[in-house]
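Inside the fold
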Amino acid sequence: MNRIFTVTLVRHGETLSNRDNIMQGQLDTQLSDLGQRQAQLLGLHLQDFKFTHMFTSDLTRAADTAKAIAQANRQSHCSLKTDKRLRERGFGWLEGKPLSEFREAMAKSKHSSHSFTPEGGETMEQVTARVISFLDDLFKLMAEPLMNNSECTAEDGFLAQVQNPVSSHASMITSVNVPLTIEVPNINLENSHEENPSNHHVIDLQPHHKNGHPASPPSQANSHSPARSSYSSDQDNANIDSASVLIVSHGLCLRELSRLLLDRFKGKLEGRNAQEVSRISPNTGVSRLIMSVSRSSSRVCAKCIECVVLNDTTHLEKSQHNLVSHAKFQGAL
């Protein structure tokens, strides 16, 4: 028995540091005016996608982008959760410095951009470890509705040990207060003191009219709802709802997420997807993957069964003015 779920990966909107080629890493920077507009257009682009789970980095540029998506969405009624494991790679003393200084320091070290680690920064192995930790918890969450499947093996994809509860990293997860408007205000991160079964602090994003009255349930006619398990021949899956997960993060972190999710993809990437697979996503670029998860008594198995799109920016290209960011360097900026 397996469960099908969709993962939508989104990079944050442009910041002034993006525009000026300044290394951001884990500095908490704001969206620029262009970045706010990009986030609004992305929200409109995704407004009819029904997300069952929404996660974002807690850094402001990502969380504000996620808030714009959540506020514009007409189909989703889940909460938005921030997770520190979705932060960008830390670049230590080079954060806030021009890209030129990063390149000079890297050249002196005689390391590649992958292996070069500034003092006080993170190695790529450390970034990969926290991304795997996040995926481990996500896959266990997706597998919760499933009965045990004793045939789950390493050949079925990414393995997660189910003995570790999903809330094992609850200290990394907090809430984001989301005003119910279409604007993109500055984020206000607060730790709620209310307890709930999962130890996650959340605030639901229920749609309201501006006068404060509840909105009528949106029409499902044009809803991009999570698809049923059409990929599985197992008839027992008919009563298991699929899920749709939104993840808003940063350039290098998203590249690691995509790489790990595609690592067990059995199909062949073609056309634009084949070109984009190793690239850093542009600001508000959208990637969408369809995953399958199964479980046994001791572990969860997940694999990618379809790569729908990678680093898509059509929502920016179709605007009156092309709003795609054209920074010289699309890395950890």
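Remember, it's a predicted structure, so these values are computed and weren't measured experimentally. (Residues numbered from 1 in each chain as written. Predicted model: local features only at pLDDT ≥ 70, side-chain atom pairs only at ≥ 80, totals over all residues. Heavy atoms only, no water.)

Quick word on the pairing of strand β3 (residues 80–83)
Where burial is concerned, the two faces of β3 agree: the one with Leu-80 and Thr-82 and the one with Lys-81 and Asp-83 are both buried. Handedness of the β-α-β unit built from strand β2 (residues 53–56), helix α3 (residues 60–72) and β3 comes out right-handed. (Buried < 20%, exposed > 50% of the residue type's maximum accessible area, 1.4 Å probe, protein only. Helix = DSSP H or I, 4+ residues; strand = E, 2+ residues; numbered from the N terminus. Right-handed = clockwise from strand over helix to strand, strands pointing away.)

Examining the packing of helix α5 (residues 124–143) against helix α6 (residues 251–262)
Look at α5 against α6: their axes get within 10 Å of each other, and the N-to-C directions meet at 60°. Put simply, α5 runs oblique to α6. Note that α5 runs across α6; the crossing there is right-handed. Residues Met-124, Val-127, Thr-128, Arg-130, Val-131, Ile-132, Phe-134, Leu-135 and Phe-139 of α5 form the contact with α6, whose own contacting residues are Cys-253, Glu-256, Leu-257, Arg-259, Leu-260 and Leu-261. For the contact of α5 with α6, the per-class residue count stands at eleven nonpolar, one polar and three charged. (Axes fitted to C-alpha atoms, helices over the stretch in contact; angles between N-to-C directions. Parallel < 35°, antiparallel > 145°, perpendicular 65-115°, else oblique. Left-handed = near helix turned anticlockwise from the far one by under 90°. Contact = heavy atoms within 4.5 Å. Nonpolar A, V, L, I, M, F, W, Y, C, P; charged D, E, K, R; others polar.)

Quick word on the pairing of strand β1 (residues 3–11)
Burial analysis of β1 places nine of its nine residues in the buried class, which makes it a mostly covered element. Going residue by residue along β1, you find Arg-3, Phe-5, Val-7, Leu-9 and Arg-11 tucked away on one face and Ile-4, Thr-6, Thr-8 and Val-10 tucked away on the opposite face as well. When β1 meets strand β8 (residues 286–295), the two strands line up antiparallel, connected through eight bridges. Within β8, the residue paired with Thr-8 across the bridge is Arg-288. For β1 and strand β7 (residues 243–249), the ladder comprises seven bridges, and the chain directions are parallel. Paired with Thr-8 across the bridge in β7 is Leu-246. (Pairing = 2+ DSSP bridges.)

A word on the packing of aromatic side chains
Applying the stated criterion across every chain yields a total of five aromatic pairs. Between the aromatic rings of Phe-55 and Phe-134, the centroid separation amounts to 5.5 Å while the plane-to-plane angle is 85°, which identifies the pairing as edge-to-face. Residue Phe-55 is located in strand β2, and its partner Phe-134 is located in helix α5; the two are separated by 79 residues in the primary sequence. Members of the aromatic cluster, connected to one another through ring pairs, are Phe-91, Phe-102 and Phe-116. (Phe/Tyr/Trp six-rings, centres within 6.5 Å; stacked < 30°, edge-to-face > 60°.)

A closer look at α5
Over its 20 residues, α5 runs 28 Å from end to end, which matches the ideal 28 Å to within 8%, given 1.5 Å per residue. The buried fraction of α5 is high, at 16 of 20 residues. (Expected span 1.5 Å × (residues − 1).)

Focus: the confidence of the model for the chain
The predicted model of the chain averages 79 in pLDDT, with 69% of residues at 70 or higher. Across residues 163–168 the pLDDT falls below 50, and counting only partners more than four positions away or on other chains, this stretch makes eleven contacts in the model. Below a pLDDT of 50 lies the segment residues 179–239, which in the model reaches 115 contacts outside its immediate sequence neighbourhood of four places, other chains included. (pLDDT = per-residue confidence, 0-100.)

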